[in-house]
Amino acid sequence: QVQLMEAGGGLVQPGGSLTLSCAASGSSASINVMGWYRQAPGKQRELVATINSGGSTNYASSVKGRFTISADNAKNTVYLLMNSLKPEDTAVYYCNAYYLNLNRDFWGQGTQVTVSS
């Protein structure tokens, strides 16, 4: 029912920047938390950053100071601004939206971010 449309992935050189976006659609319910997770080959999926409807944010220590998560609540859209990218940031990035009133969360299909020279 709920669909998360991700965009913005691609190939970037080390030190470069990318901005990811994720728009949720398909439900009139309010989103409590949106976030970004990533999974590199051979590794577990890990939290990158989250933001709640009040604007409070949380970041993984590995991206703190380099990435910024923001949201447009009216558009049910979350963004991830990634600066000073490193090769270790290479992963599939997944958007997640948690709907408290639906008692569940939803995942996007993922967008590939590759940091390489």
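First things first, this report covers the structure right here in the doc. Fair warning: this is a prediction, and the values are worked out from it, not measured in the lab. (Residues numbered from 1 in each chain as written. Predicted model: local features only at pLDDT ≥ 70, side-chain atom pairs only at ≥ 80, totals over all residues. Heavy atoms only, no water.)

Some words on the environment of Arg 38
Right, on to step 1. Within the secondary structure, Arg 38 sits in strand β4 (residues 33-39).
Right, on to step 2. You can call Arg 38 buried: its relative accessible area is 5%.
Right, on to step 3. For the pair formed by Arg 38 and Ser 61, sequence separation is 23 residues and the distance between their alpha carbons is 14 Å.
Right, on to step 4. Among the polar contacts listed, one links the side chain of Arg 38 to the side chain of Glu 46, at a separation of 2.7 Å.
Right, on to step 5. Within the structure, Arg 38 has its side chain in polar contact with the side chain of Ser 62 (distance 3.5 Å). (Helix = DSSP H or I, 4+ residues; strand = E, 2+ residues; numbered from the N terminus. Buried < 20%, exposed > 50% of the residue type's maximum accessible area, 1.4 Å probe, protein only. Polar contact = N/O pair within 3.5 Å; in protein donor to acceptor, adjacent residues only side chain to side chain.)

A closer look at the sheet that holds strand β3 (residues 18-25)
Within a sheet, each strand pairs with its neighbour through backbone hydrogen bonds, oriented either parallel or antiparallel.
Right, on to step 1. What the four strands build is an open sheet, ordered β1-β3-β8-β7; its pairing is antiparallel. The open sheet terminates on both sides in strands that have one partner only, identified here as β1 (3-7) and β7 (67-72). Taken pair by pair, the neighbouring strands of this sheet meet at an average axis angle of 15°, ignoring direction. (Pairing = 2+ DSSP bridges. Axes fitted to C-alpha atoms, helices over the stretch in contact; angles between N-to-C directions.)

Here's the deal with the state of the cysteines
A covalent bond bridging the sulfur atoms of two cysteines is what the word disulfide describes.
Right, on to step 1. Counted by the stated rule, this structure contains one disulfide.
Right, on to step 2. Paired by a disulfide, Cys 22 and Cys 95 hold their sulfur atoms 2.0 Å apart. Between Cys 22 and Cys 95 the disulfide shows an S-S torsion of about -85°. By sign, it is left-handed. Residue Cys 22 is found in strand β3, and its partner Cys 95 is found in strand β9 (residues 91-99); the two are separated by 73 residues along the sequence. Just as Cys 22 is buried, Cys 95 falls in that class too. (Disulfide = S-S within 2.5 Å.)

A closer look at the packing of aromatic side chains
Right, on to step 1. Considering all chains together, one arrives at two aromatic pairs under this definition.
Right, on to step 2. With a centroid separation of 5.0 Å and 70° between ring planes, the pair formed by Tyr 37 and Trp 107 is classed as edge-to-face. Of the two residues, Tyr 37 sits in strand β4 while Trp 107 sits in strand β10 (residues 104-107), which places them 70 residues apart along the sequence.
Right, on to step 3. When the centroid spacing of 5.5 Å and the interplanar angle of 90° are considered together, the rings of Tyr 99 and Phe 106 count as edge-to-face.
Right, on to step 4. Residue classification places Phe 106 among the buried positions, given a relative accessible area of 10%.
Right, on to step 5. Over the aromatic face of Trp 107 sits the side chain of Arg 45, whose NZ or CZ is 4.6 Å from the ring centroid. (Phe/Tyr/Trp six-rings, centres within 6.5 Å; stacked < 30°, edge-to-face > 60°. Lys NZ or Arg CZ within 6 Å of the ring centre and 35° of its normal.)

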